[in-house]
Structures are given as C-alpha cells and as structure tokens.
Amino acid sequence: MSQPVVLGIGYSGFQPSTSHYNIREMIYEAAAKAYEDAGGIDPGSDVDAFVSCQEDFWEGISINDEFVPDQLGAVLKPVYTISGDSLQCVLSAYSMIRSGAFDIVVVESHGKPSEILTMRDIILMSYDPIYIRPLNPENVFVFNALEAKAFMEYNKIDREALGRYVISSLRKGLRGRRNPYASIKNVEAYLEEEYVVEPLTKLDFAPYSDAAVVVVIASEDVAKKFSDEYIKISGVWSVSGTSSIVYDDLREDTMTKIAARKVFDMTGIKDPVREIGVFEIDERISHVPLMVIKALRLSEDVNRDLMMGRFDEEGDLPVNPFGGALSEGNVLEAHGLARLVNAYEILKGSLGSRRYSDVEKILIHSRRWPSSRTTTLAILSR
Amino acid sequence: MSIYKLGGTPLSDEEFKKIIKEITRPNAKYLMSAGQAYSVFFEGLRRGKIIGTYCERCGMIYVPPKIFCPYCFITLDKWVEVADEGKVVTAVASYYSANMERLKEPQIVGIIKLDVPGRTFTSYRFPGLLHRICGASLDDVISQRIFDARVKARWRPPEERKGDINDIECFEVIKT
Ligand SMILES: [Zn+2]
C-alpha cells in the first residue's frame, strides 16, 4: 500500500493580527510556498484533491467550504471540508493516499481570531443550548478549569510544576520561528499571577494568533518524482469522546490513551520513551500537555519529572522544543498543522539545532479547541 | 398511523412554545479585513472607477480583483480599469424576502458583463459584477428582454460614497 509522506509545507501569519491581508490572501501565500517547497508542484495538474479544516463560526461565514477552492488552485477539483482540527484533515489525506485512489492531497487550515469581536459568545455557542448555556458561565473556560483541577488533584501535580511547564515552554519558544509570544519569565512571577479561573491564570492560556498553513501530502512513490526530502507519516489516528465533561474520566485523558495505542500499533512503536525523539503537543491550555504526557505513559510521576526538567529542550523527553501554542499563539483549527510544521522542520534539520539531528520519530498531538474531546495523534518519521 | 391512534396527546401551538425552553440568538460579530485586492477595488468605487486585476496567462480579468488567478494559480499584480457599463447576462426579480415576506417593490438583480475596450471574453468567464438593475420593468425580466440589455452604473454623488459596493446604486438600463 502507498506510504503517505509530507512533501512540502507553507504558512503565513503567526502574528497577533494580520489586518493587511484577508484570510483568502493569507491562504494563497501559504499555498504558493507549500507548492514551491514540494518541489514545484502545479495544483492544477499534480494535485488530486484538497481537504480543508475550518469552522463556520470562526469565519463568520456559513457553509464556508464554498470559499475553499480559489486560493488553493482547487477550482474544478474534489474539495472536502471538515469542521475540525487540522490534524483530522491529515488523517483524511493519509487515508485517501493509502486507498490508492489519490496520489497527492493538499491539506489546508487557517485561523484569524483577530477578526472575531465576540469570541466569548461564540465559544458559549459551542455548549449545550438547553442545559449549559442558560447557566451563562461567566468564564467560558470553566469546563477546562474543572478538568485541569481534577487532573492535577488526582495526579498530585501542584501549581509550581504547572508554572514550571509554562515558563519552560515560553523560553523554548524563543528558539522557534513563529512565536510572537515567546518570553523569559520565572516561576515566581507565574505564581503571583491572579487566577482567571482557578487553577488557571492568563499565562496558562495561549493568546490568539492569525495563521494559514498548507501541507502537501503524497504517496511516497509519487513524492520521489518531485523531491527526495520528504518526511513520512507513519501513523495517524483520531478519537472523539462524549459531548460532556461530566462523563469523562477526570483522572486521565482517555482519548489520547486510545489514539496512542492505535498509532503506536500502526508505527510498530513498543517503547515511546525510547523510540520517539520529540513530542509536539497541544498546550493551548497549559494542563493539557501534562494529561497527554500521562496518557502516553511517558512519566510515572509528572510532577517530579516536570521539576527535573525531563520535558525541557535538554531533557530526555523534549516537549515542544521550539515552542508550542503558548509561544506561537492559538491559531484555532490550524493548530494541528502548526505542530506538524514544527515536526517537519525538526526532522529535516532545518531549524539549525544539532541536538535533534538523530531524532527518527516525532509524535504530534492536537485536541480540538476549546472544549472538544476530539483528539488526533500522528507519528512523523524520517 | 397517526399519533391519535397511538394514544398521544396533541399539543396546541401555544402549548408547544411553552415546551421549548431556550431560543438562542447568536451574538457573532466580526471585523473582517478587506484585504489587498478588495481594498483597491473599494477605494476605486469611491473615485467612480471599477478596478480589476488581469491574468497574463489566461487573459481573465477579475472584478472585484483577486491577487491570484484561481485557474492558473499565479500571482496577479496588473491592475486594469474596466468600463462602468456593459450588458446583462442574466437577471431575476424577487417578490418575497428570504423570510417569505412579500416585498413592497420586487427587486431586480442581475449579472453584468462589463466592457473592457479591446478585449473579448467567453460567455462564462468575464469581468462581471452582481448588482441591482434599475430602469427595467418586471415584464422586461419575465419576458427575458432584459438579457443582453445595455446597462450603465448609476453612481451615488461623490460626497455620499463610502468606498463600498453601494457606491453604485444600481446598473440602469440604457438600451434593451
Ligand atoms: Zn489565469
């Protein structure tokens, strides 16, 4: 069966505001760069299908799939739109290539939160209209906070350790390319921040960024005709939960646990601690990567390992070594592709760090924001 | 089988409304960037000009402009001014609003193929605008006499223009 590979990537934005471009012009810039990076493919003659991950309410346009084709060169081609995180689109493209019916599939995703004036109300619209919305939670992240608090309590993780994660990630972001929010802070400053919704402060939430990302995925045989510098997608899987936190096992992240079992099986990974060199994990809310670390069985004692720096850039389990969402910003559904871009650049050695030159496999994780349980994992390898 | 035979209890409209507990009106507000190409277009309207971009590969002129050709996938950086007149390709009259309320005056809307001196286009790819059509009777529309009618932009007075699509009030029929 055909082995799906990432043949090229392109992006624009990763800035707090991009008012000089409209979203379609941003996507065009990202697409043109991706096609160039893929060895100069022509979307008209070389690409078989296009998959776009987006959400109408983020766009302010209903049935927004109509606006996908033009700026991708996808006019008169098969185009699929998924309301979901962009890693879900990677799973679709992967499956399409594996089926043998498609040789090259382009994945696109974008977020332009700077254009959304009523973000709180739109997030509130994602909650159950009959039962939750009438409660009118003052802070719409109260469900994330409930999850964070329960997880930290059950797993004996204190706020100093959580702060240690946040501070370390913001520092790692200084080495990355797309990180307007990276900074040097210390844990004392973190602990002095006031709560937004306990146990989370504003430093625990990724601020918003605008971005568009385009990724060219191809079967390995076809990819070879364009470039020999591609990265393999060894496995990808997605798991959804129920619609309510009430039914979650708050002690651990069941969705990640199940998705991991599947991708490790697809990839032949027996011991993730030894076989995976870097972890690119969703940290749009700071407790989530800790849940993922636990669910992946990377750590017996997350609190101790955080304090020991095992997940830092020089640790044995580097998480987001060039910065994650806390540094690059929350780009809505494009987040999963942002993680993929980091993994691609690390595996290609284009980030200029020799520390990761022998890394063979990278795990990517994204969980649909803000309160969905739909979780997607992928393994990229040289 | 009807619900009566199942022993169900029919509800009146009033009773039914009482059962629906929550009716939500979304508060979704956005501030969208016009972008590079639309900004030039709307600034042009303020000055009484209709501006598009030109694709050197396929010859297409985009109105409103795009900075890329969706067919050729190349960047477009050649601006062209097109005429503020052309001919009607298709037109319809609306008698009801989208909410099915009868309109006081039927509204005529059409697609106008704009003139570009010295250039010709196919019947489905041409510099065209969607806009209101004025100076036509309902019978002109129903009988399809409106097809191919010559129309010209009726501009708002310069001091009333805002740099949006309504700087053109409508396209007025000058010859059927
Ligand atoms: Zn063209």
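Just so you know, these numbers come straight off a predicted model, no measurement behind them.

Caption draft 1: Inspection of helix α12 (residues 287–295) of chain A at higher detail. Residues and elements named next belong to chain A. Across the nine residues that make up α12, a large majority, eight, are buried. All buried positions along α12 are accounted for by H287, V288, P289, L290, M291, V292, I293 and A295. For α12, the elements touching its buried residues are α6 (142–154), α7 (159–172), α10 (254–267), α13 (302–308) and β10 (361–367). Downstream of α12 by a residue or two, R297 has a phi angle that is positive, lying close to 60°.

Caption draft 2: Broad picture of the side chain of T267 of chain A. All names here are of chain A. The topology assignment puts T267 in helix α10. Judged by relative accessible area, T267 falls into the buried class, the value being 16%. Those residues in contact with T267 that sit more than four places away from it in its chain are S234, G235, K361 and I379.

Caption draft 3: Main features of the coordination of the zinc ion. All names here are of chain B. Taken together, the protein ligands of the zinc ion are C55 (SG), C58 (SG), C69 (SG) and C72 (SG), with distances of 2.3 Å. Coordination at the zinc ion is tetrahedral: its four donor atoms span angles of 104 to 114° at the metal. Looking at C55, the relative accessible area reads 0%, which means it is buried.

Caption draft 4: How the structure looks around the nonpolar core. Residue and element names in this part refer to chain A. Of all hydrophobic cores here, the largest spans 61 residues; its most connected members are F264, F279, L290 and L296. The greatest single-element share of this core, amounting to six residues, is contributed by α7. Ignoring anything within four residues of it in the chain, the contact list for L290 reads F151, I157, L162, Y165, V302 and L306. Listed in part, the 44 residues of the second largest apolar core include A49, V90, I97 and L351.

Caption draft 5: Quick peek at the environment of D140 of chain B. Residue and element names in this part refer to chain B. Structurally, the position occupied by D140 is in helix α3 (residues 138–142). The exposure class assigned to D140 is buried, which follows from its relative accessible area of 12%. Linking D140 and S123, residues 17 residues apart in sequence, is a C-alpha distance of 21 Å. With sequence-adjacent residues up to four places away left out, D140 is seen in contact with R145 and I146. Looking at D140, its side chain comes within polar contact range of the main-chain nitrogen of S137, at 2.9 Å.

Caption draft 6: Region of interest: a negative patch on the surface. Residues and elements named next belong to chain A. A cluster of acidic side chains, namely D158, E160, E188 and E192, defines a negative patch on the protein surface. In this structure, E192 sits in helix α8 (residues 187–192). By relative accessible area, which is 68% here, E192 ends up exposed.

Caption draft 7: Representation of the interface of chain B and chain A. With 22 residues of chain B at the contact, the number on the chain A side is 34 residues. With both sides pooled, the region where chain B packs onto chain A buries about 2300 Å², and carbon together with sulfur makes up 63% of that total. The largest contributions to the chain B side of the interface with chain A come from Y30, F68 and F73 of chain B, which together make up 29% of the buried area. Close ionic contact of D70 of chain A with K66 of chain B constitutes a salt bridge, the shortest N to O distance being 2.7 Å. Where chain B meets chain A, there are 15 residue pairs in polar contact (both at pLDDT 80 or more). Residue composition of the side of chain B that touches chain A, grouped by class: 13 nonpolar, six polar and three charged.

Caption draft 8: Broad picture of the layout of surface pockets. Empty space within the largest pocket amounts to approximately 980 Å³. Lining of the largest pocket is provided by 40 residues; of these, R24, F67 and D70 of chain A together with Y38 and K66 of chain B occupy positions nearest its centre. Considered class by class, the residues forming the lining of the largest pocket number 25 nonpolar, six polar and nine charged. In this structure, the second largest pocket encloses a volume near 640 Å³. Taken together, 29 residues form the lining of the second largest pocket, with S126, Y127, S243, S371 and S372 of chain A sitting closest to its centre. Every element with two or more residues in the lining of the second largest pocket is listed here: α3 (56–59) and α5 (119–124) of chain A. Residue composition of the lining of the second largest pocket, grouped by class: 13 nonpolar, 11 polar and five charged. Of the residues that make up the lining of the second largest pocket, three or more belong to each of domain 1 (4–117 + 209–231) and domain 2 (138–207 + 234–381) of chain A.

Caption draft 9: Molecular detail of α10 of chain A. All names here are of chain A. With 14 residues, α10 extends 20 Å from end C-alpha to end C-alpha; this agrees with the ideal 20 Å at 1.5 Å per step. Listing the buried residues of α10 in full gives M255, T256, K257, A259, A260, V263, F264 and T267. The inward-facing, buried residues of α10 contact β8 (231–239), α11 (272–275), α12, β10 and β11 (375–381). Just downstream of α10, G268 is the residue with a positive phi angle, here 75°.

Caption draft 10: Just the sheet that holds β8 of chain A, in detail. All names here are of chain A. Reading across from one edge, β3-β2-β4-β7-β1-β8-β11-β10-β9 is the order of the nine strands in this open sheet, with mixed pairing throughout. Looking at strand neighbours, the two that pair on one side only are β3 (79–82) and β9 (278–280), the edges of this open sheet. The sheet shows a mean angle of 25° between the axes of neighbouring strands, taken without regard to direction. Two elements, strand β1 (residues 4–15) and β8, share two bridges in a ladder whose sense is antiparallel.

Caption draft 11: Representation of the packing of α6 of chain A against α12 of chain A in the model. All names here are of chain A. Between α6 and α12, whose axes approach to 10 Å, the crossing angle comes to 45°. Taken together, the axes of α6 and α12 are oblique relative to one another. As α6 packs across α12, the resulting crossing turns out to be left-handed. Along the contact surface, α6 presents N144, E147, A148 and F151, while α12 presents H287, V288, L290, M291 and K294. A class-by-class count of the residues in the contact of α6 with α12 yields five nonpolar, two polar and two charged.

Caption draft 12: Structural detail: the pairing of strand β7 (residues 150–155) of chain B. Residues and elements named next belong to chain B. Direction of pairing for strand β4 (residues 85–96) relative to β7: antiparallel, over a ladder of three bridges. Among the inter-strand pairings, E85 is bridged to a residue of β7, identified as K152. The sheet contact formed by β7 and strand β8 (residues 168–175) spans six bridges and is antiparallel. Across the sheet, the residue bridging to R150 is K175, located in β8.

Caption draft 13: Structural detail: the domain arrangement of chain A. Residue and element names in this part refer to chain A. Here the domain parsing of chain A yields domain 1 (4–117 + 209–231) and domain 2 (138–207 + 234–381). Each of domain 1 and domain 2 has a C-alpha centre, and the two are 24 Å apart. In this assembly, 37 residues from domain 1 lie in contact with 39 residues from domain 2. Buried area between domain 1 and domain 2, both sides added, is near 3000 Å², and the carbon and sulfur share of it is 71%. Summed over the three residues of domain 1 that lose the most area to domain 2, namely F14, L87 and I231, the buried surface amounts to 24% of that side. Run the count over domain 1 and domain 2 and you get three salt bridges. At the boundary of domain 1 and domain 2, one finds 16 residue pairs in polar contact (both at pLDDT 80 or more). Elements supplying a minimum of two residues to the side of domain 1 that touches domain 2: β1, α4 (86–99), β4 (104–111) and β7 (210–219). For the side of domain 1 that touches domain 2, the element with the most residues is β1, which contributes seven residues. In terms of residue class, the side of domain 1 that touches domain 2 is built from 19 nonpolar, 11 polar and seven charged.

Reading the values: the criteria
- Residues numbered from 1 in each chain as written.
- Chains lettered and ligands numbered in written order.
- Predicted model: local features only at pLDDT ≥ 70, side-chain atom pairs only at ≥ 80, totals over all residues.
- Heavy atoms only, no water.
- Buried < 20%, exposed > 50% of the residue type's maximum accessible area, 1.4 Å probe, protein only.
- Helix = DSSP H or I, 4+ residues; strand = E, 2+ residues; numbered from the N terminus.
- Contact = heavy atoms within 4.5 Å.
- Donors = N, O, S within 2.8 Å, 3.2 Å for Na, K, Ca; no water.
- Tetrahedral: all angles 85-135°; square planar, octahedral: opposite > 155°, others 65-115°.
- Core = buried A, V, L, I, M, F, W, Y, C linked by side-chain atoms within 4.5 Å.
- Polar contact = N/O pair within 3.5 Å; in protein donor to acceptor, adjacent residues only side chain to side chain.
- Patch = residues over 30% accessible without salt bridge, like charges linked within 9 Å, V, L, I, M, F, W, Y side chains within 5 Å.
- Areas by Shrake-Rupley, 256 points an atom, 1.4 Å probe, with all protein chains shown as cover.
- Salt bridge = Lys/Arg side-chain N within 4 Å of Asp/Glu carboxyl O.
- Lys, Arg positive; Asp, Glu negative; His and termini not counted.
- Charge placed at Lys NZ, Arg CZ, Asp CG, Glu CD.
- Buried area = accessible area lost by both parts, 1.4 Å probe.
- Nonpolar A, V, L, I, M, F, W, Y, C, P; charged D, E, K, R; others polar.
- 1 Å grid on protein atoms, 1.4 Å probe; cavity = no way out; pocket = protein on both sides within 12 Å on 5 of 7 lines; lining within 4 Å.
- Points joined across faces, edges and corners; volume = space filled by probe spheres on them.
- Domains from an automatic or database assignment.
- Expected span 1.5 Å × (residues − 1).
- Pairing = 2+ DSSP bridges.
- Axes fitted to C-alpha atoms, helices over the stretch in contact; angles between N-to-C directions.
- Parallel < 35°, antiparallel > 145°, perpendicular 65-115°, else oblique.
- Left-handed = near helix turned anticlockwise from the far one by under 90°.

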